[in-house]
Amino acid sequence: MYHQPVLKNRRTLLERAEKFISDTYFTDCNLRGRLYGDTCPVESISYSMSQKRIPFLEAVKLNYEPYEVGDTFGPTWWTCWFKVSLRIPDSWRGKQVHLRWESDGEAMVWMGQQPVQGLTKEGEKICYILSECLKDSEPHSMTLYIELACNGLFGAGQGSMIAAPDPDRKYSVQKAELVVFNQEVRELLTDFEMLVDIVKLLGEGNQRGYQALFTANEMVNVCEPTNPSSFPAARSLALRFFSQRNGDSQHTVHAMGHCHIDSAWLWPYEETIRKCARSWVTVIRLMEKNSHMVFTCSQAQQLEWVRGWYPGLFSQIQDHAKKGQFIPVGGTWVEMDGNLPSGESMVRQFLEGQCFFKKEFGNYCREFWLPDTFGYSAQLPQIMQGSGITRFLTQKLSWNLVNTFPHNTFFWEGLDGSQVLTHFPPGNSYEMKGKVEDLVNTVKNNKDKGRANHSAALFGFGDGGGGPTQLMLDRLDRVQDTDGLPRVQMSSPDRLFSLLEAESSLLCTWTGELFLELHNGTYTTQAQIKLGNRQCEALLHDVEVASSLALCQDNTFQYPSTQLHNLWRLLLLNQFHDVIPGSCIEMVVEDALQYYQEIRSVGTRLLQVAGEALVAKGQTEVRGQRSEDKGPVVLNTLPWERTEVVPLTDGTTDQPVLAVVTVPSVGVVSIREGSGTPPVIPVSVKVQVDGSVLMENGILRAVVNKDGCLASLYMVKTNREVIYDGWQGNQFVLFDDVPLYWDAWDTMDYHLQTRKPVREVVRPIQVLSLGGLRGSVTFTLQISEKSTITQEIILDAMCPYIKFKTQVEWFESHKFLKVEFPVRVRSPEATYEIQFGHLQRPTHRNTSWDWARFEVWGHKWADLSEHGFGVSLLNDYYELPRLLMPTQTWAVTSLPTPSCHTKEPSRKQV
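Residues numbered from 1 in each chain as written. Predicted model: local features only at pLDDT ≥ 70, side-chain atom pairs only at ≥ 80, totals over all residues. Heavy atoms only, no water.

## Some remarks on the overall build of the protein
1) Next: What the protein contains, in helices and strands, is 17 helices and 43 strands.
2) Next: Here the C-alpha radius of gyration of the protein, 32 Å, is about what a compact globule of 910 residues would show, namely 29 Å.
3) Next: Expressed as lengths along the three principal axes of its C-alpha atoms, the size of the protein is roughly 105 × 65 × 55 Å.
4) Next: Every one of the 910 residues in the protein was classed for burial, and the buried ones make up 58%.
5) Next: For the protein, the proportion of contacts with a sequence separation of at least 24, taken over those separated by at least 6, is 72%.
6) Next: Carbon together with sulfur atoms contributes 50% to the accessible area of the protein, which is approximately 37,200 Å² in total. (Helix = DSSP H or I, 4+ residues; strand = E, 2+ residues; numbered from the N terminus. Rg over C-alpha atoms; globule rule 2.2 N^0.38 Å. Buried < 20%, exposed > 50% of the residue type's maximum accessible area, 1.4 Å probe, protein only. Contact = heavy atoms within 4.5 Å. Areas by Shrake-Rupley, 256 points an atom, 1.4 Å probe, with all protein chains shown as cover.)

## Focus on the packing of aromatic side chains
1) Next: In the structure shown here, the tally under the stated rule is 43 aromatic pairs.
2) Next: Centre to centre, the rings of F357 and F361 are 6.5 Å apart; their planes meet at 40 degrees, and the pair counts as tilted. Of this pair, F357 and F361 both sit in helix α9 (residues 343–361), separated by four residues, roughly a single helical turn. Across this residue pair, the class does not change: F357 and F361 are buried.
3) Next: Put simply, the rings of F154, W265, W267, F374, W399, Y741, W742 and W745 pair up and form one aromatic cluster.
4) Next: Its end group placed over the ring of F816, K818 keeps NZ or CZ at 4.9 Å from the ring centre. (Phe/Tyr/Trp six-rings, centres within 6.5 Å; stacked < 30°, edge-to-face > 60°. Lys NZ or Arg CZ within 6 Å of the ring centre and 35° of its normal.)

## Notes on the packing of α9 against helix α15 (residues 561–573)
1) Next: Remark: α9 packs on α15, axes separated minimally by 10 Å, with the N-to-C direction vectors making an angle of 105 degrees. Classified by the angle between their axes, α9 and α15 sit roughly perpendicular to one another. Counted together, E344, S345, R348, Q349 and E352 of α9 and H565, W568, R569 and L572 of α15 form the full contact between these two elements.
2) Next: Split by residue class, the contact of α9 with α15 holds two nonpolar, three polar and four charged. (Axes fitted to C-alpha atoms, helices over the stretch in contact; angles between N-to-C directions. Parallel < 35°, antiparallel > 145°, perpendicular 65-115°, else oblique. Nonpolar A, V, L, I, M, F, W, Y, C, P; charged D, E, K, R; others polar.)

## Section: unusual backbone geometry
1) Next: Residue P75 is reached from G74 by a cis peptide bond, and omega for that bond is 5 degrees.
2) Next: Along the chain, P75 turns up in the loop between β4 (72–73) and β5 (79–87).
3) Next: A positive phi angle is found at N730, which is not glycine, with a value near 55 degrees.
4) Next: Considering the arrangement of structural elements, one finds N730 in the loop between β30 (720–721) and β31 (731–736).
5) Next: With relative accessibility at 2%, the residue N730 sits in the buried group.

## Details of the state of the cysteines
1) Next: For the structure shown, the criterion picks out zero disulfides.
2) Next: Note on C127: no disulfide assigned, nearest cysteine sulfur contributed by C40 at a separation of 13 Å. (Disulfide = S-S within 2.5 Å.)

## Some points on the nonpolar core
1) Next: Membership of the largest hydrophobic core comes to 141 residues, with the highest contact counts inside it found for W280 and F326.
2) Next: Apart from residues no more than four positions distant in its own chain, F326 is found in contact with W280, V283, I284, M287, F295, C297, L303, I317, H320 and A321.
3) Next: Counting residues in hydrophobic clusters, the runner-up holds 48 residues, among them V683, L710, L713 and V758. (Core = buried A, V, L, I, M, F, W, Y, C linked by side-chain atoms within 4.5 Å.)

## Looking at the pattern of salt bridges
1) Next: Enumeration according to the criterion identifies 44 salt bridges in this entry.
2) Next: Here E187 and R478 are joined by a salt bridge, their closest N and O atoms 2.7 Å apart. Here E187, found in helix α3 (residues 183–202), pairs with R478, found in helix α12 (residues 470–478); they are 291 residues apart in sequence, far enough to count as distant.
3) Next: When its relative accessible area of 18% is taken as the criterion, E187 is described as buried.
4) Next: What makes R478 buried here is its relative accessible area of 12%.
5) Next: Ionic contacts of the salt-bridge type, sharing partners, join the residues R53, E106, E147, E270, E271, R274, K275 and R278 into one network. (Salt bridge = Lys/Arg side-chain N within 4 Å of Asp/Glu carboxyl O.)

## Quick word on the sheet that holds strand β37 (residues 815–820)
1) Next: Read from one edge to the other, the open sheet built from three strands follows the order β32-β31-β37, with strand pairing classed as antiparallel. Of all the strands in the sheet, the pair left with one neighbour each is β32 (756–757) and β37.
2) Next: Across six bridges, the pairing between β31 and β37 is antiparallel. The residue of β37 that forms the bridge with F735 is F816. (Pairing = 2+ DSSP bridges.)

None of the figures reported here should be taken as evidence of function without further support.
Below, the structure written as structure tokens:
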């Protein structure tokens, strides 16, 4: 067919092609308007509401009422079960037939008591295929059940995604009908879409882009939407374009299906179980149609949920795992926060995860998979190596607010020199859609051009689940080897990393932590969650120590393996990267606090049992219940000898008696009232003429003002004043806390310009204990009309640090409370305790990388030292009502009970 050639008017030709596939313009005569053919309504729909998430066999027994499309139901977090009866017209023989279902919530289709596919409008899954090509032998009538969760992929935020959920939101079904699906039209639409995107993304100066433009224009010329016989000619034009090959040097993109599902975030844990089922059952259906498809799936906890709730689906997952299509990755129980869990917790994450993957899938994971967390501890490479993992994939550092991370593929080196091959997908997303933009960005953004010629592209809806679609697979299939774009191959993590390892000689190395310059407000958000995590970490540690000692003493002791295993899994779940940071909704916080309480309850009982077994032949018991022969027993679970002032109680009085006790490393001592090590120099507490209080113990001399601030902290032995001239220690300060967007996640650098000292005194300083073994004072400050601070300052005999027990009644919004300890120490670096080690960070602001660390994390202590002298801040997060000394813990930006510790540099322990 002859037609006049057109001018090279890029805009008119491009818009012509766009309008030809638009779902908004000219749908009465364009190609998009022919995607669906004949339609007919379903025979009937009935529904039943459930406040709880119930299994299928319970759901079918509910009472169902008639439902009309458009009727509303709800509210948020309820479940609506639909019973859908349908009959396919006989005249649709030989056609592809879909159930088209569009609704506000997340739905899952059930057939024959099994889940068969997820339906989510947000996830571009609105059709369930009833027949690929209707035959007379196929059933034309059937009844389906559809389980619909009254929430979207991203919860039910009121006004914005991360806002609090709207508990009264109503939901509806907008479409429920049978349709004839035109597969040939879908194929042509995909051709056009990819060509149009190539034109846009390769730009006006690119020859290949113009080839795509003229190809699309020719396809419009030959394609008549109302005449399917014209489709093959248009498709052949597209095939000719896509078949033009790349050169040998072209970058290779390794496409992997992916479905990042937050174990809890804008929805509770229970909804995540269904998100997993909806997402993964859809993946299984795609694998059945696309034998080349590969899907990566992390988080052993989520797979364990599906194994328990949906055993049939889990069996299908295992079958496709054996075929190499469904690939378990990650090696951890959940995708945990990369900073806040303790070293022991991180080891347990890998231990529990790797054991699960080995048991259920026959292999240990070789890759640590953590796409979405808020920073990465410098100790992770060593922990990975110890867990049999030498490869790491993540993405979140592309969110850096100030500095652009300089690599996408590199070796990451930890504290002990352990290295892992690390890859950040250069497309800067773990939920790509298989579009040309994703492929172009993967090449353009690659910061290791010439060093690494392979990159990952993780495609599929994520965060709230959803996963890949057939359209995404079709897009990627079109451009497997097309000139002007990188090569694309469906691949596995093992293949990608194996190729990167083979060409790794030119890769660079990054040493130390991978610090995310965003979301640093999560180090202090939801303090009760962080408190619960630390308490439970220490409690489980103490239970294991006490139980081990009891077993060594008495081989008939029943070590609580099963109970500890279950408690650890519960604790590890709460360390998910949107739970322990506090970046989740209130419902999740409530669930997490309930889990912590369960751990405390069971763990305390286990500790009691172990403590009783530790006392020889039952002659005495821990927790202050003394026998004729022995007094209370004190257990030290730390690996060094400790001499401390310990409160003793017999349970008959609220005022415990104090004793100085020395307990060996991981040991037990029995003491009586009045026994113990006598102090070399007792504590003295004196009220001064100006109302301040002088506290001394021969090691430290402190002056506390009437408002509770430290006017002086003096190190007697070294004749050094700690507090900086003109400043005061223990000074509470208030800052504005209004970030750019992620409220309660972020704190921006400009908040430091809003500093306001808390100076209003409600109750001036008064003496609680006059000295001897312990001296203490207390005071109360007014933060605002509603909020107050009450603090007790304690100095014990023979103790090189002052303790601050702080209680804050907090009723503020968009405010940030901190406490300052300006000290006379000069050092370009401060040292922070992290998992199984410590890390230095700059105290200056020489570069943008230094300045971006204005808010950092740490664990048990932070230290500022110069030659011969230094000061540490430590944090003991809790006190349990037992005579078992807890481990000391610290979080740099959260100070419930800080201690100020002066020391010589070699004395790092408390």
